[in-house]
Amino acid sequence: MSRTKEKLGNFTQLDAPKYEDVLQCMRCGFCLPTCPTFALTGRERSSPRGRVALARAVAEQKLEFTDAVKQEAFFCLDCRACTTACPSGVRAGEVMEICRSQSHQQVPLGHVGNSFRKFILQRMLPDPELMERSMLPARLYQRLGIQWLVRHSKALKLGPAWMEKAEGMLPELKAPLRPQLPVITEAVGEKRGRIGFFLGCVMTLMYPDVSRQTVRVLAYQGFDVVTPRATKCCGAPHLSEGDRQTARELALFNLDLFLQADVDYIVTDCAGCGAALKEYEELLDGETEHERLASFRAKVRDVSEFLTEVGLRTGGLKPVQKSVTYHEPCHLCHAQSISRQPRDLIQQIPGVELREMEEASWCCGSAATWGLKFSEESRQVLDRKLDNVRKTEAEILVTANPGCQLQLAWGVRERDLPVQVLHIMELLGEATP
Ligand code: SF4
Ligand code: SF4
């Protein structure tokens with residue numbers, strides 16, 4: 001969805017939805033059963049159809065861009081389940097994402113909130129070293145036993161709900177992966193190509209062992225893996241929080257970096273990063289030459305999409321005698337239409353039994369910061385997911401996005417379910433010699 005150059009009704013000129021995008025809705029309601037916030041509330045305005053109608057009313061100057069519109073824009077999970085369901089090609093989640101950008105222009109935060117937001121989005125996230133340093137206190141908090149004391153004293157019950165949840169979601173933190181990964185990891189055996197690995201921020205900081213496995217698996221599969229140290233955040237958090245300008249700056253930086261790296265493919269193991277990278281073409285429309293955008297877009301793959309496309313070398317894989325169920329990240333199945341490929345990979349691992357869960361593509365309730373801002377609603381969405389996980393009686397719950405992994409692992413711990421939560425590359429890593 002590119003930047004409109006025209007002012008549209010009561011939207012400001014910068015980053016308004018396109019009128020044709022909100023006009024397409026024919027009010028059929030096919031999207032309603034797919035929307036988690038409609039399921040939670042039963043409110044029309046919290047449904048895709050209702051949200052598009054709100055945006056259309058603002059576009060047609062029947063409604064000011066009020067605080068109520070802002071609230072609906074942020075209450076949308078941006079899970080994009082409605083996009084998959086819509087026969088008219090309406091993208092309600094993306095329209096709401098653009099409305100978040102409008103909300104910062106039209107209903108700004110107070111001074112403190114705005115300064116905090118700017119520090120996180122414009123100072124910290126674009127600076128990988130600063131992000132790494134900022135995690136040091138959290139690692140010390142775990143290492144020095146303070147976490148144990150805090151959890152056992154129940155002190156977090158005195159603070160806001162989001163703080164207790166954020167603390168509870170922390171995995172065991174290790175040293176960030178970015179400075180440790182070699183810039184080039186050489187292919188094993190007969191070489192099949194050269195990959196640029198896009199290492200996401202959450203992966204390097206929260207799940208370094210997952211991306212370490214991804215690089216090892218890709219090398220075992222016969223690819224030289226180039227991991228540029230200078231890679232910056234993909235811009236997904238900025239799009240989610242309505243800072244499209246910083247997202248564009250980050251996108252231009254990463255675009256230059258990976259085009260210069262002269263790689264055959266650009267691969268990521270984070271569904272959220274993959275969706276953002278694939279949307280650079282729209283985000284940067286008019287900001288750089290179209291050929292460069294098209295060349296970048298043609299190379300981007302999610303890791304399961306990539307391995308299925310080139311064909312998994314299964315010779316030498318070790319058996320993993322486990323039952324596995326698969327949760328589809330929204331930004332993989334709805335934003336990138338990748339559903340079959342992760343299942344194909346799982347089924348190619350010798351010994352693994354794949355047990356399908358009901359509603360595998362229903363959101364887990366994480367959705368970037370949504371799960372913290374709306375912690376009670378997030379818990380309800382997660383409960384629905386975990387009920388379906390429990391029914392499979394699988395030993396391992398596999399997913400492909402760090403946000404889902406954090407949320408699911410937290411939910412499993414809270415409910416004391418006998419299931420291990422893994423990224424698909426951890427499972428494949430276990431099978432890889
Ligand atoms: S958003 Fe799509 S599916 Fe939903 S009511 Fe409109 S046209 Fe129908
Ligand atoms: S993106 Fe998800 S939460 Fe938002 S309107 Fe669509 S289905 Fe509902």
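Check the entry above for the structure.
Calculation notes
- Residues numbered from 1 in each chain as written.
- Chains lettered and ligands numbered in written order.
- Predicted model: local features only at pLDDT ≥ 70, side-chain atom pairs only at ≥ 80, totals over all residues.
- Heavy atoms only, no water.
- Helix = DSSP H or I, 4+ residues; strand = E, 2+ residues; numbered from the N terminus.
- Buried < 20%, exposed > 50% of the residue type's maximum accessible area, 1.4 Å probe, protein only.
- Contact = heavy atoms within 4.5 Å.
- Near = heavy atom within 4 Å.
- Nonpolar A, V, L, I, M, F, W, Y, C, P; charged D, E, K, R; others polar.
- Polar contact = N/O pair within 3.5 Å; in protein donor to acceptor, adjacent residues only side chain to side chain.
- Axes fitted to C-alpha atoms, helices over the stretch in contact; angles between N-to-C directions.
- Parallel < 35°, antiparallel > 145°, perpendicular 65-115°, else oblique.
- Salt bridge = Lys/Arg side-chain N within 4 Å of Asp/Glu carboxyl O.
- Pairing = 2+ DSSP bridges.
- Arc of directions from axis to C-beta.
- Core = buried A, V, L, I, M, F, W, Y, C linked by side-chain atoms within 4.5 Å.
- Patch = residues over 30% accessible without salt bridge, like charges linked within 9 Å, V, L, I, M, F, W, Y side chains within 5 Å.
- Areas by Shrake-Rupley, 256 points an atom, 1.4 Å probe, with all protein chains shown as cover.
- Phe/Tyr/Trp six-rings, centres within 6.5 Å; stacked < 30°, edge-to-face > 60°.
- Lys NZ or Arg CZ within 6 Å of the ring centre and 35° of its normal.

### Considerations on the side chain of Gln 221
No. 1: When you line up the elements, Gln 221 lands in the loop between α13 (208-220) and β3 (223-226).
No. 2: Classification of Gln 221 by relative accessible area gives buried; the value is 0%.
No. 3: Residues contacting Gln 221, with those up to four places away along its chain left out, are Arg 192, Leu 307, Gly 311, Leu 312 and Arg 313.

### Points about helix α21 (residues 340-348)
No. 1: All of the buried residues along α21 are Gln 341, Pro 342, Arg 343, Leu 345 and Ile 346.
No. 2: In this fold, the buried residues of α21 make contact with α19 (303-310), β6 (323-326), α20 (330-333), β7 (353-354), β8 (396-399) and α25 (424-431).

### Some thoughts on the site of ligand 1
No. 1: Around ligand 1, the surrounding shell consists of Cys 25, Met 26, Arg 27, Cys 28, Gly 29, Phe 30, Cys 31, Arg 49, Cys 86, Pro 87, Ser 88 and Val 90.
No. 2: For the shell around ligand 1, the residue count by class is eight nonpolar, two polar and two charged.

### So, the side chain of Ser 47
No. 1: Along the chain, Ser 47 falls in the loop between α2 (36-41) and α3 (48-59).
No. 2: There is a polar contact of 2.9 Å between the side chain of Ser 47 and the backbone nitrogen of Gly 50.
No. 3: Leaving out residues up to four positions away in the same chain, Ser 47 has contacts with Leu 32, Cys 35 and Phe 38.

### Remarks on the packing of helix α11 (residues 161-169) against helix α24 (residues 402-415)
No. 1: At a minimum axis distance of 9 Å, the contact between α11 and α24 shows a crossing angle of 95°. On the basis of the axis angle, α11 is roughly perpendicular to α24. In this structure, α11 uses Lys 165, Gly 168 and Met 169 to contact α24, whose residues at the interface are Leu 406, Gln 407, Trp 410 and Arg 413.

### Overview of the pattern of salt bridges
No. 1: A complete count under the given rule lists 38 salt bridges for this structure.
No. 2: Close ionic contact of Glu 282 with Arg 91 constitutes a salt bridge, the shortest N to O distance being 3.3 Å. In this pair, Glu 282 is assigned in helix α17 (residues 280-283) and Arg 91 in the loop between α5 (81-85) and α6 (92-106), connecting sequence segments 191 residues apart.
No. 3: Judged by its relative accessible area of 29%, Glu 282 falls in the partly exposed class.
No. 4: Via salt bridges that share partners, Asp 15, Asp 78, Arg 80, Arg 91, Glu 94, Glu 97, Arg 244, Arg 248, Glu 279 and Glu 282 belong to a single interconnected network.

### Some details on the pairing of strand β2 (residues 193-198)
No. 1: Burial analysis of β2 places five of its six residues in the buried class, which makes it a mostly covered element.
No. 2: Both β2 and β3 contribute to a ladder of four bridges, which runs parallel. By the bridge assignment for β3, Ile 195 is matched with Val 225.
No. 3: Where β2 meets strand β4 (residues 265-268), four bridges bridge the pair, whose relative direction is parallel. The residue of β4 that forms the bridge with Gly 196 is Ile 266.

### Considering the site of ligand 2
No. 1: Close to ligand 2 lie Cys 35, Pro 36, Thr 37, Pro 48, Arg 51, Cys 76, Leu 77, Asp 78, Cys 79, Arg 80, Cys 82 and Gly 93, which account for all nearby residues.
No. 2: Broken down by secondary-structure element, the contributors of at least two residues to the shell around ligand 2 are α2 and α3.
No. 3: Tallied by class, the residues present in the shell around ligand 2 amount to seven nonpolar, two polar and three charged.

### Digging into helix α18 (residues 290-299)
No. 1: Among the residues of α18, those classed as buried are Leu 293, Phe 296 and Lys 299. For α18, the angular spread of the buried residues around the axis is 135°, confining them to a single face.

### Quick word on the nonpolar core
Most often, soluble globular proteins keep nonpolar side chains buried together rather than apart.
No. 1: The biggest cluster of nonpolar side chains holds 93 residues, and the ones touching the most others in it are Leu 307, Ile 346, Leu 427 and Leu 428.
No. 2: Those residues within four positions of Leu 427 in sequence are excluded, and the remaining contacts are Val 320, Val 324, Ile 346, Ile 349, Ile 396, Val 398 and Leu 422.
No. 3: By size, the runner-up hydrophobic cluster in this structure holds 23 residues, among which are Ala 16, Leu 32, Val 52 and Met 96.

### Some words on the sheet that holds β7
No. 1: In space, the four strands of this open sheet follow the order β7-β6-β8-β9, with parallel pairing throughout. Of all strands in the sheet, those with a lone pairing partner are β7 and β9 (420-423), marking the two edges.
No. 2: Sheet topology note: the β8/β9 ladder contains four bridges and is parallel. Counterpart to Ile 396 in the pairing with β9 is Gln 420.
No. 3: On the sheet, α24 packs against β8 and β9 and is oriented at approximately 175° with respect to β9.

### Regarding a nonpolar patch on the surface
No. 1: Together, Leu 136, Leu 140, Leu 144 and Ile 146 give the surface a local cluster of nonpolar side chains, amounting to about 370 Å² of exposed area.
No. 2: Following the sequence through the fold, Ile 146 ends up in helix α10 (residues 146-153).
No. 3: Under the relative-accessibility criterion, Ile 146 is labelled partly exposed at 36%.

### Notes on the packing of aromatic side chains
No. 1: The final tally for this structure, using the stated rule, is eight aromatic pairs.
No. 2: Plain terms: the ring middles of Tyr 280 and Phe 296 are 5.4 Å apart, the flat faces sit at 15° to each other, and that makes the pair stacked. Here Tyr 280 is found in helix α17, whereas its partner Phe 296 is found in helix α18, with 16 residues between them in sequence.
No. 3: Members of the aromatic cluster, each reached through a chain of ring pairs, are Phe 75, Trp 370 and Phe 374.
No. 4: A cation over an aromatic ring shows up here: Lys 232 above the ring of Phe 253, its NZ or CZ 4.5 Å from the ring centre.
No. 5: Over the ring of Trp 362 we find Arg 384; its NZ or CZ atom is 3.9 Å from the centre of that ring.

Keep in mind these numbers describe shape, not what the thing actually does.
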